[in-house]
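# Geometric and topological summary
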Amino acid sequence: MRQFLSTLLIVALGVTLTACDRGESGQPDTELPDRQAPIPNPDADSGLPRIQPRPLEQIPEGAFGDKVKRGYQLFVNTQELRGKYVGNALNCVHCHMDAGRRANAAPLWAAYFAYPAYRKKNDKVNSFAERVQGCFTYSTNGAPPPADSPEMIAIAAYAYWLAMGGLMDHFGINGEVPEISDTDLVTGAKREDFPLPVDIARALPVDQRDKLPGRGYPKLDKPARDYSPEKGAEVYTAHCMACHGPDGQGYEAAGVHNLPPLWGKDSYNWGAGMHRVNTAAAFIHENMPLGKGIQLTPQQAWDVAAYINSRERPQDPRFEGDVEALRKRYHNHPGYYGKAVDGKVLGENAFPDFKQMQQEN
Ligand code: HEC
Ligand code: HEC
């Protein structure tokens, strides 16, 4: 295992170096090799089960059901953890729609079966809990709950219940989702020793578990011309502003943002997956404007993704004082960190990340 990992590490380093070289050569941004590959959107015709998670009313009574319910609550109202683990105005559900249940919006049930897995972003094998920690650190601009915290166990229990209930229904296995240990819950299901009913284990060998149809976002065609924030501003005004506001800050009432901010101090930070133009374009094309997905052209989705991601937002938590150094190290992908827009280098005036917020208090 260790040898396997160090080989991966060397390969990953190799990729980084080539990526940096090529990044300097001025090729269009859409062509940039990505150091951290976006999560795949598996082939819908692969024959693997298309899961329909159970309705939330079916969450069972009792201690295990209570964990699942708690996970659901934290997922849709992550603001409960504001100041402790969360530093912006976002809830998980703002990006993982329909409480993490919707296919093609990076659903929790597909993610649960895809970990543990190697991630280039932090160069190691990540458990499910570690992957969730990534979204706390970057997407909610926070400090992640520990893997053995009640909050993390609850989120994992919710993800497991969604995935397992859907799979059991698919394979005609009746009854409640079996309870498993907290350690099993936070590790994730992509491993030989994960407790699974025999029928499911047989139909879903370990190497197929990260390929459930509906995972991630559908691949989006490259734009016909290079994407442009200026064009994106027009798309924004026409299709997004009504909900996300003239200044991208969304709308809140009584301290609750039911319409989330897209940039600025309360949005995801410069390290989040959504700040990448390609990732945001794929999400937006499939899921926005809310209730009217797949209506923008791919070009419009790329342009508006470029627009919202070329405004300032909270600092990348990996920042050590030098925007250019960080850009070279971590931002060799379609994005605006470290680049000049309207005469200002993005990242130079970034809003505080969670660490900085705590130092300032
Ligand atoms: C600003 C949007 C945003 C928010 C808020 C957010 N996420 Fe994510 N999340 C993403 C994106 C984008 C990805 C996929 C990244 C990629 O493709 O590189 C992702 C990926 C994930 C994955 C892995 C999915 C997979 O199939 O591998 C999990 C699990 C996850 N998020 C959980 C959470 C949890 C739990 C929260 C709340 C604490 C949360 N996310 C908040 C945008 C967000
Ligand atoms: C009808 C209202 C509405 C419109 C129009 C709309 N959105 Fe959204 N958007 C939402 C809501 C609500 C969410 C949170 C999703 C949820 O809770 O289900 C969201 C979430 C998002 C997110 C992820 C969360 C975040 O804050 O980063 C992005 C990015 C986004 N929208 C971009 C866009 C873009 C770009 C457009 C225009 C093409 C657009 N939206 C149009 C209502 C809207």
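The structure reproduced in this document is the subject of the present report. (Residues numbered from 1 in each chain as written. Chains lettered and ligands numbered in written order. Predicted model: local features only at pLDDT ≥ 70, side-chain atom pairs only at ≥ 80, totals over all residues. Heavy atoms only, no water.)

### What about the overall build of the chain?
Our working rule: Per the convention used, a helix needs a DSSP run of H or I reaching at least four residues, while a strand needs a run of E reaching at least two, with both numbered from the N terminus. The contact rule is simple, with two residues in contact once any of their heavy atoms fall within 4.5 Å. A 1.4 Å probe and the Shrake-Rupley method give the accessible areas. Residues count as covered only by the protein chains that appear here.
Broken down by element type, the chain carries 14 helices and six strands. The contacts of the chain with a sequence gap of at least 6 include a subset with a gap of at least 24, amounting to 70%. Here the chain has roughly 16500 Å² of accessible surface; of this, 54% comes from carbon and sulfur atoms.

### Looking at the nonpolar core
Definition in use: Residues belong to a common nonpolar core when they are buried Ala, Val, Leu, Ile, Met, Phe, Trp, Tyr or Cys residues joined through side-chain atoms within 4.5 Å. Only protein chains enter the accessibility calculation, which uses a 1.4 Å probe. A residue is then buried if its area is under 20% of the maximum for its type, exposed if over 50%, and partly exposed in between.
Counting residues in hydrophobic clusters, the biggest one holds 52 residues, and the most contacted among them are Y112, F113, F128, Y160 and L185. Broken down by secondary-structure element, the contributors of at least two residues to this core are α2 (63-76), α4 (108-112), α5 (128-139), α6 (150-170) and α7 (182-187). Broken down by element, the residue count for this core peaks at 15 residues, all from α6. Excluding anything up to four places from it in sequence, F128 contacts L108, A111, Y112, Y115, A156, A159, V186, T187 and G188. Membership of the second largest hydrophobic core comes to 40 residues, among which are A272, A280, V323 and Y330.

### Observations concerning the coordination of the iron atom of ligand 1
Stated precisely, the cut-off is as follows: Metal-coordinating donors are taken as N, O and S atoms lying within 2.8 Å of the metal, or within 3.2 Å when the metal is Na, K or Ca; because water is left out, some sites can appear incomplete. A four-donor site is classed as tetrahedral when every donor-metal-donor angle falls between 85 and 135 degrees; four donors are called square planar, and six octahedral, when trans pairs exceed 155 degrees and all remaining angles lie between 65 and 115, with any other arrangement labelled irregular.
Ligation of the iron atom of ligand 1 by protein atoms is provided by H96 (NE2) and C135 (SG), these donors lying 2.0 to 2.2 Å from the ion. Geometry at the iron atom of ligand 1 is octahedral, judged from the six donor atoms that bind it and their angles of 88 to 178 degrees at the metal. Of the two residues, H96 is situated in the loop between α2 and α3 (97-100) and C135 in helix α5; the sequence distance between them amounts to 39 residues. Exposure remark for H96: the relative accessible area of 18% places this residue in the buried category.

### As for the coordination of the iron atom of ligand 2
Only H244 (NE2) and M288 (SD) from the protein reach the iron atom of ligand 2 as donors, at distances of 2.0 to 2.3 Å. Geometry at the iron atom of ligand 2 is octahedral, judged from its six donor atoms and the angles of 87 to 179 degrees they form at the metal. In this pair, H244 is assigned in helix α10 (residues 241-244) and M288 in the loop between α11 (277-287) and α12 (298-308), connecting sequence segments 44 residues apart. Residues H244 and M288 agree in their burial class; the two are buried.

### Considerations on the site of ligand 1
Stated formally: For this purpose, a residue is taken to be near a molecule or strand whenever a single non-hydrogen atom of the residue falls within 4 Å of it. Identification of polar contacts relies on pairs of N or O atoms within 3.5 Å, with a donor-acceptor requirement for protein atoms, meaning one able to donate a hydrogen and the other able to accept it, and with residues adjacent in sequence counted only if both atoms are side-chain atoms. In this classification, the charged set is Asp, Glu, Lys and Arg, the nonpolar set is Ala, Val, Leu, Ile, Met, Phe, Trp, Tyr, Cys and Pro, and all remaining amino acids, among them Gly, are polar. An automatic or database domain assignment provides the domain bounds reported here.
Not every one of the 22 residues close to ligand 1 is listed here, only the nearest: C92, C95, H96, Y115 and C135. Interatomic distance of 2.8 Å between a side-chain N/O atom of H96 and a nitrogen atom of ligand 1. Contacts to ligand 1 include R215, whose side-chain N or O atom sits 2.7 Å from an oxygen atom. At six residues, the largest contribution of residues to the shell around ligand 1 is made by α5. Considering only residue class, the shell around ligand 1 consists of 15 nonpolar, five polar and two charged. Both domains that meet at the shell around ligand 1, namely domain 1 (56-211) and domain 2 (218-360), each give it at least three residues.

### Quick look at the pairing of strand β4 (residues 256-259)
To be explicit about the condition: A strand pair is defined by DSSP finding two or more bridges across the two strands.
Summarising the sheet, strand β3 (residues 251-253) and β4 pair through three bridges and their orientation is antiparallel. Residue A253 lies in a different strand from β4, and its bridge partner there is V256. With antiparallel pairing between neighbouring strands as the criterion, β3 and β4 make up a hairpin whose turn holds two residues, including A254 at a positive phi of roughly 50 degrees.

### Describing the site of ligand 2
Neighbouring ligand 2 are 22 residues; C240, C243, H244, P261 and M288 lie closest to it. For ligand 2, a nitrogen atom lies 2.8 Å from a polar atom in the side chain of H244. Here P261 contributes a backbone N or O atom positioned 2.7 Å from an oxygen atom of ligand 2. When residues of the shell around ligand 2 are traced back to their parent elements, those giving at least two are α10, β4 and α11. Partitioned by chemical class, the residues of the shell around ligand 2 number 18 nonpolar, four polar and no charged.

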